Every structure is written in C-alpha cells, then in structure tokens.
Amino acid sequence: MISIDCELAGVPLSNPILAASGTFGFGKPYADLYPLHKLGGIVSKGLTLSPRPGNAGTRLYETPSGIMNSVGLENPGIRAFLEQELPEMASHETAVIVNLGGGTIREYIEGAELLTEASLALSASGKRAVDMIELNISCPNVKEGGLAFGIENEQAQEVVRAVRKATSLPLLVKLSPGAKDLREMAKMCEAEGADGLSLINTIQAMAIDIRQRRSVFDRAYAGLSGPAIKPIALRMVHQVARSVSIPVVGIGGISSAEDILEFIMAGATAVQIGTYNFINLRAGNTLAKELIQLMETEGIHSLDDIRGII
C-alpha cells in the first residue's frame, strides 16, 4: 500500500502537492478541469490589505525553461477575498493556504488579524476556513526605500514576530532566494514562531527587447520561475531543511513525479507546483497519480521513508 499523505504544520494533507501562489488564482480557473480535492492544498494568489491593480506593461514573458513575471501582486484585497473568493475556495475539500503580503508591518498585522478573525468565525459555525497563512516577506518595504523585507534578517524578523502575535493560524514563511544568509534567516523564522517555511520565491532576472532598445518589463527586472531554477531551489531546500526542525515546503521548477521525490529526499515535507500549472492544466491531478506509480516502481511505501535521506 502506497501512502502519499502527509502533515504540514499540523494540517493534514491528502498528498504533498500544493498549487503555488500566483499560478492558480483562488482555484476557479482549474475547478472545471479536475476535482481540486486531488491536490493536497491550494495557496491563494498573493493578498494584501487593500486591493492592488498590479504592474503596468508586460507581465509574463517566456524564457528557455521558464517564465518571467512582473504581475505586481494584483489582487482584490483581503476583505473582498473573504467575501467573494473564500467560500468557493474552501469548498474543494483541500487545504486552504492564504499568501499574505504587505508594504508595511501594520498592513501585515491587519491582514493577519482579518484572516484569523474570519477563519475562527467560520470554524465556529462548522464551515471550512483558512487552514494556514503563507507569509510573503519578498514584498518591498515601502517605508525603507523598497528593499524587500526578506533580504535582511532584522526586517524579516520584525515582520515574522508581528504576524506571529497577530494570528493563531499555522504560519508558513516564504523565503526569498535573495536573502543575504538564507540558513540564518530560516533559523530566525523558526525562533520567532514560524510553523514552517516555503522556498524559494522567484529569482530576480531580466529580459531585453533589442528592437525597442529597452527592458521587456516596465520595472526592468522580473521574477524568474520554472524548470530553469529547479537546481538552485533544490540546493536551497536541502540547506534550509538541515538548519531547522520545522517543516519545509519546496518550490521551484517542479514538473514531474521525479522532481517531487527529489525535493522530498532533500528534506521537504511538501512541494508547490507553479509554472507547470500553465504547461499542464491538470498538473495537480496527473502528478498525484504519477507520484504513486513512481513510488511503486521504486519500492517506496511512504514519503516518510525517503524524506531528508540525502
């Protein structure tokens, strides 16, 4: 009997496959293609306290083995999400994880408080609510010149500590590959009460339109994701998983059952599928089946048997 269920920060998952933030909306675009309970969970697109229109100009650009994006956290805001999106998102019988961003500490705190209050009220009435918050500390700190919160340990520590105090929900912290010392940041997040870590976020990159003599993106740089970043993500997950005792979620270029097992062997508890959702619109469904088949072929009975063996 092959077992692919797991537990992430106290939340049971039917399998380790989560739909990554920013690639799955709130589930609606994919719900007509396959039953979303086939996923272990859905990570919402990044939400902020107030609605954001996102960036102007080109937002998506294909590269060899990847995609660059400059969406700019376009989202309806947390209040609109709770009223309009959460009821359907929570109806799919899979874990609901909300990606929370912000430009100031106060925005992070208020966002976490709103999500927590709504979730407690829904749970008290017997309805499914938010199972977990994924804290996006790659957002620019608008009061400190735009440097991302997740680059310097001191700024990241302030955000994690504040949000931990503001919510009783399980808290994942999504780490940036641009952090000056990723392992030390991971240890800091654990010390400040994070229940788990997810990594990596996109890698800052650039594309140039030689005919227009300008960057493809209005903001010059954009985030690179997809298979091109997988070896980097795998290395970082391996390093962080050995630095902390809390669970780690691996993200970065995963597009096959083999990739999933690599991240599990590197120490990940679960994984997130991002760019591959655009390539295979039924990725969550097919990967779960392929994972079981591969484990049968390799004589692996449980993910626990191979987690962190490298």
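Before reading on, note that the structure itself is shown above.
Residues numbered from 1 in each chain as written. Predicted model: local features only at pLDDT ≥ 70, side-chain atom pairs only at ≥ 80, totals over all residues. Heavy atoms only, no water.

### What to know about the packing of helix α2 (residues 78–89) against helix α3 (residues 105–124)
Alright, step 1. In the contact formed by α2 and α3, the axes pass within 10 Å of each other and the chain directions differ by 30°. Comparing their axes, α3 and α2 come out roughly parallel. Judged by the sense of rotation from one axis to the other, the crossing of α2 with α3 is right-handed. Between α2, through Ile78, Arg79, Phe81, Leu82 and Leu86, and α3, the contact on the second element is made entirely by Gly111, Leu114, Leu115, Ala118 and Leu122.
Alright, step 2. For the contact of α2 with α3, the class distribution of residues is eight nonpolar, one polar and one charged. (Axes fitted to C-alpha atoms, helices over the stretch in contact; angles between N-to-C directions. Helix = DSSP H or I, 4+ residues; strand = E, 2+ residues; numbered from the N terminus. Parallel < 35°, antiparallel > 145°, perpendicular 65-115°, else oblique. Left-handed = near helix turned anticlockwise from the far one by under 90°. Contact = heavy atoms within 4.5 Å. Nonpolar A, V, L, I, M, F, W, Y, C, P; charged D, E, K, R; others polar.)

### Quick look at the sheet that holds strand β5 (residues 60–63)
Alright, step 1. One open sheet accounts for four strands, arranged β5-β6-β14-β11; its pairing is antiparallel. Two strands lie at the open edges of the sheet, namely β5 and β11 (203–206), each paired on one side alone. Between one strand axis and the next, the sheet turns by 40° as a mean value, whatever way the strands run. (Pairing = 2+ DSSP bridges.)

### Some remarks on the packing of aromatic side chains
Alright, step 1. Summed over all chains, the structure comprises four aromatic pairs.
Alright, step 2. With a centroid separation of 4.1 Å and an interplanar angle of 5°, the aromatic rings of Phe24 and Tyr30 are classed as stacked.
Alright, step 3. A centroid spacing of 5.2 Å and a plane angle of 40° characterise the contact between Phe26 and Phe81, whose relative ring orientation is tilted. A residue pair is termed long-range when its members are at least 10 positions apart, and Phe26 in the loop between β3 (17–19) and α1 (28–31) and Phe81 in helix α2 qualify at 55 residues.
Alright, step 4. A relative accessible area of 9% places Phe26 in the buried class. (Phe/Tyr/Trp six-rings, centres within 6.5 Å; stacked < 30°, edge-to-face > 60°. Buried < 20%, exposed > 50% of the residue type's maximum accessible area, 1.4 Å probe, protein only.)

### Notes on the pairing of strand β9 (residues 171–174)
Alright, step 1. The alternating pattern of β9 places Leu171 and Val173 and Leu172 and Lys174 on opposite faces, both of which are buried.
Alright, step 2. With four bridges joining them, strand β8 (residues 132–136) and β9 adopt parallel strand pairing. Within the sheet, the bridge partner assigned to Asn136 lies in β9 and is Lys174.
Alright, step 3. With three bridges connecting them, β9 and strand β10 (residues 196–199) associate as parallel partners. From the neighbouring strand, Lys174 faces β10, where its bridge partner is Ser198.
Alright, step 4. Handedness of the β9-helix α5 (residues 182–191)-β10 crossover: right-handed. (Right-handed = clockwise from strand over helix to strand, strands pointing away.)

### Describing the sheet that holds β9
Alright, step 1. Sheet architecture is closed into a barrel: eight strands sit in the order β3-β4-β7-β8-β9-β10-β15-β16, paired in parallel fashion. When the angles between neighbouring strand axes are averaged without regard to direction, this sheet yields 25°.
Alright, step 2. Bridging between β3 and strand β16 (residues 270–273) involves three bridges; their strand directions are parallel. Residue pairing across strands places Ile17 opposite Val271, the latter belonging to β16.
Alright, step 3. This element, α2, spans β4 (41–43) and β7 (95–100) of the sheet and lies at about 160° to β7.

### Quick notes on the packing of α3 against helix α4 (residues 153–166)
Alright, step 1. The N-to-C vectors of α3 and α4 enclose an angle of 25°; their axes lie 9 Å apart at closest approach. Taken together, the axis directions place α3 and α4 in an arrangement best described as roughly parallel. In this structure, the crossing between α3 and α4 has a hand that is right-handed. Of the residues in α4, those touching α3 at Ile105, Tyr108, Ile109, Ala112, Glu113 and Thr116 are Glu158, Val159, Ala162, Val163 and Ala166.
Alright, step 2. Partitioning the contact of α3 with α4 into residue classes produces eight nonpolar, one polar and two charged.

### Describing the environment of Leu197
Alright, step 1. Of note, Leu197 is situated in strand β10.
Alright, step 2. Each C-alpha atom, one on Leu197 and one on Val249, is 6.1 Å from the other, the two residues being 52 residues apart in sequence.

By themselves, these observations are geometric and do not establish any function.
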